[in-house]
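Here's the letter readout for the chains.
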Amino acid sequence: MEHRQNKKDLDFYLSVLKEWFFYLWSFKKIIIIMGICGSIIGFTYSYINKPIYISKLSFALEEDSGGALTGALALAGSFGLDIGKEGGSGAFSGTNILDLITSRSVIEKSLLKPDPTNPSMPLIERFLEIGGKKFFKKQNNVSFLINEDINLMGREKDSITNLIYQSLILGDLSVGQENPKSSIMTITVKSKDQIFAREFAISLSNTVSELYIETKSSKERKNLSIIEKQVDSVRNELNNAILSTAIENDKNFALNPALNINRIDFLKNQVDLQANTAILTELVKNLEIARASLRRKTPLIQVLDYPKIPLPKIYFRKLKGIIYGGVFFVFIAISSLMLFRYLKNNDYL
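Residue positions within a chain follow its written sequence, with the count starting from 1. Note on the predicted model: pLDDT of at least 70 is required for a residue's local features to be given, and 80 or more for side-chain atom pairs to be given and counted; whole-chain, interface and lining totals, by contrast, use all residues. Excluded from the side-chain calculations are hydrogens and water; all other atoms, namely the structure's heavy atoms, are used.

S.K.: Help me understand the overall build of the protein, please; the structure alone is not making it clear to me.
M.R.: In this text, helices come from DSSP runs of H or I with a minimum length of four residues, and strands from runs of E with a minimum of two, each type numbered from the N-terminal end. Scanning the protein from terminus to terminus reveals eleven helices and seven strands. Summary of the burial criterion: residues with accessible area below 20% of their type's maximum are buried, those above 50% are exposed, and those between are partly exposed, where the area comes from a 1.4 Å probe applied to protein chains only. A buried classification covers 34% of the 349 residues belonging to the protein. Across the protein, the fraction of contacts at a sequence separation of at least 24, relative to all contacts at a separation of at least 6, is 78%. Only the protein chains shown count as cover for residues, and the accessible areas themselves come from Shrake-Rupley with a 1.4 Å probe. Summed over all atoms, the accessible surface of the protein reaches about 22,100 Å², with 59% contributed by carbon and sulfur. Throughout, a contact is declared for two residues whenever any of their heavy atoms are within 4.5 Å.

S.K.: Where do I start with a nonpolar patch on the surface in this structure?
M.R.: Patch construction takes residues with relative accessible area above 30% that form no salt bridge. Like charges are linked within 9 Å, and nonpolar side chains (Val, Leu, Ile, Met, Phe, Trp, Tyr) are linked within 5 Å. Definition used for salt bridges: Asp or Glu carboxyl oxygen within 4 Å of a side-chain nitrogen of Lys or Arg. On the surface, Phe 43, Tyr 47, Ile 48, Leu 319, Ile 322, Ile 323, Tyr 324 and Val 327 cluster together into a nonpolar patch covering about 860 Å² of accessible area. Every element with two or more residues in the nonpolar patch is listed here: helix 2 (28–48) and helix 11 (318–345). Counting residues per element, the nonpolar patch draws most heavily on helix 11, at five residues.

S.K.: So what exactly am I meant to see when it comes to the environment of Lys 113 here?
M.R.: Relative to the helices and strands, Lys 113 is located in the loop between helix 5 (104–111) and strand 2 (114–115). What makes Lys 113 buried here is its relative accessible area of 19%. Spatially, the C-alpha atoms of Lys 113 and Leu 204 are 9.3 Å apart, while their sequence positions differ by 91 residues. The residues contacting Lys 113, other than those within four sequence positions of it, are Met 121, Pro 122, Leu 123, Asn 147, Ser 203, Thr 207 and Glu 210. Here a polar contact is taken to be a pair of N or O atoms separated by no more than 3.5 Å, where protein atoms must pair a possible hydrogen donor with a possible acceptor and residues adjacent in sequence count only if both atoms sit in side chains. A distance of 2.9 Å separates a polar atom in the side chain of Lys 113 from a polar atom in the side chain of Glu 210.

S.K.: I keep staring at helix 7 (residues 155–172) and nothing clicks. Help me out?
M.R.: Residue pairs spaced three or four apart in an α-helix point in one direction, given the helix's 3.6 residues per turn. The length a helix should cover is 1.5 Å for every residue beyond the first. The end-to-end C-alpha separation of helix 7 is 24 Å, in line with the 26 Å expected for 18 residues at 1.5 Å each. Buried residues of helix 7: Lys 157, Ile 160, Thr 161, Ile 164, Tyr 165 and Leu 168, and no others. On an axial view of helix 7, the arc spanned by its buried residues comes to 140 degrees, and they lie on one face. Residues Arg 155 and Leu 170 are exposed on helix 7 and point more than 90 degrees away from its buried face. Summarising the geometry, the arc corresponds to the directions from the helix axis toward the C-beta atoms.

S.K.: What am I meant to see in the side chain of Glu 148 here?
M.R.: Along the chain, the position of Glu 148 falls in the loop between helix 6 (123–136) and helix 7. A distance of 2.9 Å separates polar atoms of two side chains, one belonging to Glu 148 and the other to Lys 157. Leaving out residues up to four positions away in the same chain, Glu 148 has contacts with Leu 112, Met 153 and Lys 157.

S.K.: How should the packing of aromatic side chains be read in this particular structure?
M.R.: To describe a pair of aromatic rings, one takes the distance between the centres and the angle between the planes. Only Phe, Tyr and Trp rings take part, Trp by its six-membered ring, and two of them pair if their centres are within 6.5 Å. Stacked means planes under 30 degrees apart, edge-to-face means over 60, and tilted covers everything else. What the rule picks out here adds up to seven aromatic pairs. Between Phe 21 and Phe 22 the ring centres are 5.5 Å apart and the planes differ by 75 degrees, which places this aromatic pair in the edge-to-face class. Assessed through its relative accessible area of 47%, Phe 22 is described here as partly exposed. Taken together, a centroid distance of 5.9 Å and an interplanar angle of 75 degrees make the contact between Phe 328 and Phe 329 edge-to-face. Exposure remark for Phe 329: the relative accessible area of 23% places this residue in the partly exposed category. Among the aromatic residues, those joined into a ring-pair cluster are Trp 20, Tyr 23 and Phe 27. Ring-over charges, as used throughout, are those where CZ of Arg or NZ of Lys falls within 6 Å of the ring centre and within 35 degrees of the ring normal. The lysine or arginine in question, Lys 157, covers the ring of Phe 144, its NZ or CZ lying 5.4 Å from the ring centre. We note Arg 341 situated over the ring of Trp 20; from NZ or CZ to the ring centre the distance is 4.6 Å.

By themselves, these observations are geometric and do not establish any function.
Below, the structure written as structure tokens:
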């Protein structure tokens, strides 16, 4: 009994499929025409659409533990000098660098760097020439300057840079670690212009390095400047002490050595000379330690692989466009015919 019921159900479904098949077959010309139109459109799209170039720049994040300078830092600390003890936290440590690279300020500064193919024009102008210019630049007649201050650009330029930033973040720019256990990171830029893709990736890494030098090593630079001023000051005092000692020595030449009162000024200048000599010796040591500490802070990013032209590219092949376009339009035609028949049979039309 159950076998008969299953056979009836199968016959019913087959009859329904047969009915739908002949219904759609009656519109075969429309379906074929739609498939041909879709193939033409797919071919046209693949022909017109420009390839997307992929630029990859890999770098290693340097996090110096300072082992080689531990003794030097301890020596500097004994003189009351703070020339930096780098820890494992902060904006420039670990994966924080990924968020820093994709921040709006870093991206904007990178876009305002000079275009190597045209040093008088920033990279942002090249980006606008690629495709964005026709949407929001021609109407406003806005031009950007090289290394322009992003805080003083004005509302109109801010709106343009915000649109560009959103465009890059939503798909054209990605930063990540290929291996979570490794400190090697990659910057990937996609663009229809391979020159922009390559130069923007390089500009981005350079901007982050400059930001590191400016912020992370600011304490070391300040300490170095202070010590250099102290060295110059003590050296001037030492030169004056040498001159004064020589003058007093000349004054006491051939005088009665029993009269020590005449040698007081000479002895005072000699004490100053010895004291300034000792101070200058220690300051010169501290100056070299401060310079070594400053060198230890840079660079943040060690580039491993630069993107090289010609860049790898992805593009929509013509054969794929023909097949995808034809299949998609055939699917639309069949779906529309089936929907039309369903609505008509149910008195919706």
